[in-house]
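# A look at the structure
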Amino acid sequence: MDSKLESKKKTILLYFERLENDYWKTLEEIADATKIDLASIAEIVTNSGDFVRSSYRVKLGEPLYTSRDVFRDKAPLMDKVIGAFKNRID
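In this report, the structure presented in the accompanying data block is examined.

Attention now moves to the overall build of the protein. If you tally the helices and strands in the protein, you get five helices and two strands. Secondary structure of the protein in N-to-C order comes out as α-α-α-β-β-α-α. The globule rule puts the C-alpha radius of gyration for 90 residues at 12 Å, and the 13 Å found for the protein is close to it. Going through the 90 residues of the protein one by one, you find that 37% of them count as buried. Residue pairs in contact within the protein that sit at least 24 positions apart in sequence constitute 55% of those at least 6 positions apart. If you sum the accessible surface of the protein, you get close to 5,600 Å²; carbon and sulfur atoms cover 52% of it. Across the protein, 16 positive and 16 negative side-chain charges occur, with their mean positions spaced 2 Å apart.

Now for the side chain of Ser-48. One can find Ser-48 in the loop between helix 3 (38-47) and strand 1 (51-59). A relative accessible area of 10% means that Ser-48 is categorised as buried. A distance of 3.1 Å separates a polar side-chain atom of Ser-48 from the backbone nitrogen of Asp-50. With near-sequence residues (within four places) excluded, Ser-48 lies in contact with Met-1 and Lys-9.

Thresholds, definitions, all that
- Residues numbered from 1 in each chain as written.
- Predicted model: local features only at pLDDT ≥ 70, side-chain atom pairs only at ≥ 80, totals over all residues.
- Heavy atoms only, no water.
- Helix = DSSP H or I, 4+ residues; strand = E, 2+ residues; numbered from the N terminus.
- Rg over C-alpha atoms; globule rule 2.2 N^0.38 Å.
- Buried < 20%, exposed > 50% of the residue type's maximum accessible area, 1.4 Å probe, protein only.
- Contact = heavy atoms within 4.5 Å.
- Areas by Shrake-Rupley, 256 points an atom, 1.4 Å probe, with all protein chains shown as cover.
- Lys, Arg positive; Asp, Glu negative; His and termini not counted.
- Charge placed at Lys NZ, Arg CZ, Asp CG, Glu CD.
- Polar contact = N/O pair within 3.5 Å; in protein donor to acceptor, adjacent residues only side chain to side chain.

Shown next as structure tokens:
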């Protein structure tokens, strides 16, 4: 990942760290909040191991994403247990 995308990735990770309970976001919500273009958001979130996609949560048909660290810190225990059985993070 080039230095520009790496800088944008740090901005996205900081955004997720500031979120409280509603930490699952669409790509558009991430772009709106961080003021990073949607194409860069999509590239970073889908190609970086620092983000995960929910297998069952959607908003208006759009997939939801969060950071791995936020999921580990904030997800309910039951979501983590179910994720372990499904061999997925969420």
